[in-house]
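# Close look at the chain arrangement
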Amino acid sequence: MFEKRPIILLLLATATIMVGTMVTMVAPFKWINDPKLAIASVKPYTPLELEGRDIYIREGCNNCHTQTVRPLLVDTERYGEYSKSGEFAYDQPFLWGSRRNGPDLARIGGKYPDAWHVKHMKDPQSMVPRSNMPDYDFLQQPLDTSVTERKMKALKFPYSQADLAALSGKSELDAMVAYMQKLGNDIPWRKTGRAEVLGELKNPFQDNMAVLPEAKELYLQHCAQCHGRNLQGDVGPGLEDLDQPDSKLFGTIYSGSPDTGMPAYGDSLGKERIWKLVTYLKSVHRR
Amino acid sequence: MNQQEGYADEIVKGFIISSMVWGFVAVLLGVLISFQISFPELNIPPYLSYGRLRPIHTNAGVFGWGIGSFMAFFIYITQRLAKNRLWSPGLARVQLWLFNTVIALAAVTLILGMNRSKEYAELEWPVALLVVVLWVIFAVNIIMTIVKRREEQMYISLWYILATLVGVAILYLVNNAAIPVSLTKSYSAFAGANDANVQWWYGHNAVAMVLTTPPLAIFYYFLPKSTGVPIYSHRMGVIAFWSLIFMYLWTGAHHLLWAPVPDWVQTLAMGFSIMLIAPSWAAVFNGYFSMKGEWHQMQQNYLAKFLIFGITFYGIQTLQGPAQAVRTFSAFIHFTDWVPGHVHMGALGWVSLVLFAAIYYTIPRLYHTEIYSIPLADLHFWLAVTGQLIFSISMWIAGVQQATMLNATNPDGSLHYSFMETLIELYPYWYIRAGGGVIYFASLLVFIYNIAKTISAGKAQAVAQKA
């Protein structure tokens, strides 16, 4: 019967398309916006963070970086606490992405100090050897704030004139770093989720000089970007004169030290390689 | 060929040539960004960086090459199946100009960083508005031609065409809802998990309404035309049509498995994705069964080769897709290179092979001549298939390897590899993928040369006849 009636076919096709649309696209608004899923500690973006987010969008960062940690071991061990829908209440648009050419950034906030991000954006390979990220040196240009206030109004985010005044003199890079540091940090997961080191903390490589060449390589690959090739310090403090027990050094590298900006390496390096690093650092100290 | 006189075919030529230009741009950019992934120093920020070029690659491919040639063949097919001239050739000329303006504007605005960030809906609101105008002009013209048809029966291709016209309109209007801030900047009207769910309802159904129903309309028309055999079962095509456009709309959230959208939406998406195998394979079987007793044409008729390989890639695609939509498998391969491998088999294999066949079929008829060279068309075919298989297979292996490394744990439960350690292992696959892209690009050059030679021969003959 439809073979001869194009308008009826058109209407029926529309109705057919609308069934799945209503159930899986329209109805979920009710579930997603359930007040029980809201998280009180999640705050809207400040003007600087919002400008940073807009630069992230402009540069198409979401083509390579996702912003959603799945409740799966491979994700939570690598990136941190899994993402909750309430955390994205102010994300217009969402930036979950679809492909990880680079790591997930949903929990990047607070992982590295600002200075790390600045160096990394200007020259990614200097911080992460063999990374394939393009360099974003040009973000040092001044931030365009001509429509910032209109953006805040459009999104109905709270702001003060002082917030806007504070934007003067900021670069795009400053905004980007501010955005990075906000990501995933509105819930206190880093304190609760901080890896605890269990078991006896005895260095299995103590005084084992045979591991030093490999350990030095590890240092150059993972630590030298911040602490300097010769341990002289740069973004992080110098390490030539460390006088700490092995177990304390291990704990700092394994779990990080959020107050000083030292990231945790337990996830990415594992225990064995961290003990080797400890052995290397102690050998330099002894010299 | 006389019956073709009277049809508005000049406009079809315009759309075919435009879409070929945009297809060329899409593949060229694809090759460039595949090298940029392999060699980051090839990024020249701000304009020529991967993040800004990738949306141009996808937009030029899906909308420039895909939609452009669908417009050409919808106009071509509809007139012939309606046995009537296009309702308004003047409107179609406006549509052609607007189409090329919109795609060019898309490329310029995206390279300048005006980008809404939503995949396949990146265009900022003024350009998106032009897209809406373009689609309305197109839809009205096609629908009116069908309404005023002289052939009472509507062949299955027209069903797919009508569904496309309405489906794309609904999807595009909802997902492009935005709050404008300035001429060049807007924010999505939806937030967070809501926005994600709307986006992938759109994103996956763009696959349905742009990359499935239009090529199916074209396949159902050009397979009988190219091979001289009727479609095996009209009824199977009809059943597949209704179940396809019903089920597809439920599946968007399979892009969001394990993400913070409601579990029941994900589960529905998973179930319907698996059910979609049935209507998808109905089209595949319709293609295969039509060839019964005619398989020798695969050797003798280069058009059959393009069409049957095209529907075969569609068949593989629609088995792989549902597999990826299962939670456990998604947990493994999602976010890896497996997915670009999957997508490109659909884009370079299924959609493009069918479009190549349709262009090879129509261009000689539109210009009243023969194809310039069948051996070159064969060369085009083998280069395209080889390039595409190198691309997809290398990416599947890369995806599985990376997923395996990401999942590897030490005896104490900690992860064995850092993210960077898994990424470093991908470089060799990325070099191979870029090589596959270069081969596909070469196939496109052969194709363009062959078509250009055919057109110029046709024009020369027309001049000679007049003299």
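Calculation notes
- Residues numbered from 1 in each chain as written.
- Chains lettered and ligands numbered in written order.
- Predicted model: local features only at pLDDT ≥ 70, side-chain atom pairs only at ≥ 80, totals over all residues.
- Helix = DSSP H or I, 4+ residues; strand = E, 2+ residues; numbered from the N terminus.
- Buried ≥ 20, exposed ≤ 12 C-beta atoms within 10 Å, placed from the backbone.
- Contact = placed C-beta atoms within 7 Å.
- Domains from an automatic or database assignment.
- Expected span 1.5 Å × (residues − 1).
- Bend = angle between axes of the 7 residues up to and from the residue.
- Pairing = 2+ DSSP bridges.
- Axes fitted to C-alpha atoms, helices over the stretch in contact; angles between N-to-C directions.
- Parallel < 35°, antiparallel > 145°, perpendicular 65-115°, else oblique.
- Left-handed = near helix turned anticlockwise from the far one by under 90°.
- Nonpolar A, V, L, I, M, F, W, Y, C, P; charged D, E, K, R; others polar.
- Core = buried A, V, L, I, M, F, W, Y, C linked by C-beta atoms within 7 Å.
- Arc of directions from axis to C-beta.

### Brief notes about the overall build of chain A
The helix and strand tally for chain A stands at 14 helices and zero strands. Listed by position from the N terminus, the elements making up chain A come as α-α-α-α-α-α-α-α-α-α-α-α-α-α. Along the first, second and third principal axes, the C-alpha set of chain A runs to 90 × 50 × 35 Å. Counting across all 287 residues of chain A, residues that qualify as buried make up 42%. Across chain A, every contact between residues at least 6 apart in sequence was considered, and the portion connecting residues at least 24 apart equals 75%.

### Points about the domain arrangement of chain A
Domain boundaries in chain A define domain 1 (2–32), domain 2 (47–193) and domain 3 (209–286). Between the C-alpha centres of domain 1 of chain A and domain 2 of chain A the distance comes to 38 Å.

### A closer look at helix α2 (residues 50–82) of chain B
With 33 residues, α2(B) extends 45 Å between its outermost C-alpha atoms, agreeing within 8% with the 48 Å of an ideal straight helix rising 1.5 Å per residue. When the local axis directions of α2(B) are compared, the greatest deviation, roughly 30°, occurs at A60(B).

### Structural notes on unusual backbone geometry
Note the cis peptide between Q92(A) and P93(A), where omega equals 0°. Mapped onto the secondary structure, P93(A) falls in the loop between α4 (73–79) and α5 (114–122). Cis geometry is adopted by the peptide bond preceding P46(B), which originates at P45(B) and carries an omega value of 0°. Of note, P46(B) is situated in the loop between α1 (10–38) and α2.

### Considerations on the environment of H342(B)
Residue and element names in this part refer to chain B. With respect to the helices and strands, the residue H342 is situated in helix α14 (residues 338–366). The class for H342 is buried, based on 21 C-beta atoms found within 10 Å. In contact with H342, not counting residues within four places along its chain, are Q320, G321 and Q324.

### Looking at the pairing of strand β1 (residues 178–182) of chain B
Residues and elements named next belong to chain B. Where β1 lies against strand β2 (residues 185–188), four bridges are found, and the strand directions are antiparallel. Across the sheet, residue A178 finds its bridge partner in β2, namely S188. Where β1 hands over to β2, the hairpin turn is made up of two residues, counted between the paired strands.

### Description of the interface of chain A and chain B
Contacts between the two partners involve 73 residues from chain A and, on the opposite side, 74 residues from chain B. Looking at the side of chain A that touches chain B, the elements that each hand over two or more residues are α1 (6–26), α2 (28–32), α3 (47–58), α4, α7 (148–154) and α14 (266–286) of chain A. The dominant element in the side of chain A that touches chain B, judged by the number of residues it contributes, is α1(A), at 13 residues.

### Quick notes on the packing of helix α5 (residues 156–175) of chain B against helix α6 (residues 192–209) of chain B
Residues and elements named next belong to chain B. Running from N to C, α5 and α6 cross one another at 160°; their axes reach a closest spacing of 10 Å. Here α6 runs roughly antiparallel to α5, going by the angle between their axes. Here α5 runs over α6; the crossing is left-handed. Listed contacts from α6 to T164, G167, V168, L171, V174 and N175 of α5 are V198, Q199, Y202, N205, A206, A208 and M209. A per-class count over the contact of α5 with α6 returns eight nonpolar, five polar and no charged.

### A short note on the packing of helix α8 (residues 234–247) of chain B against helix α10 (residues 277–290) of chain B
All names here are of chain B. Relative orientation of the contacting elements α8 and α10 amounts to 150°, with a least axis distance of 8 Å. One way to sum up the angle between α8 and α10 is to call them roughly antiparallel. Judged by the twist between their axes, the crossing of α8 over α10 is left-handed. In this structure, α8 uses M236, G237, I239, A240, S243, L244 and M247 to contact α10, whose residues at the interface are A278, P279, A282, A283 and N286. Broken down by class, the residue content of the contact of α8 with α10 amounts to nine nonpolar, three polar and no charged.

### Examining the nonpolar core
Within the largest apolar cluster, 188 residues are counted, with the highest numbers of intra-cluster contacts made by M176(A), I75(B), L162(B), L307(B), V354(B) and A357(B). Built from parts of two domains, this core gets at least three residues from each of domain 1 (2–32) and domain 2 (47–193) of chain A. With sequence-adjacent residues up to four places away left out, L307(B) is seen in contact with F219(B), F222(B), L223(B), S226(B), V354(B) and A357(B). One finds F205(A), L249(A), Y254(A) and L281(A) within the second-largest nonpolar core, a separate group that totals 17 residues.

### Quick word on α8(B)
An α-helix turns once per 3.6 residues; consequently, residues spaced three or four apart project the same way. Taking 1.5 Å per residue as the helical rise, α8(B) with its 14 residues ought to reach 20 Å, and the 20 Å between its terminal C-alpha atoms agrees with that figure. If you check which residues of α8(B) are buried, you get G237(B), A240(B), F241(B), L244(B), I245(B) and M247(B). Angularly, the buried residues of α8(B) cover 160° about the axis, an arc narrow enough to put them on a single face. Looking at the buried positions of α8(B), the neighbouring elements they touch are α1 of chain A together with α5, α7 (213–227), α9 (263–275) and α10 of chain B.

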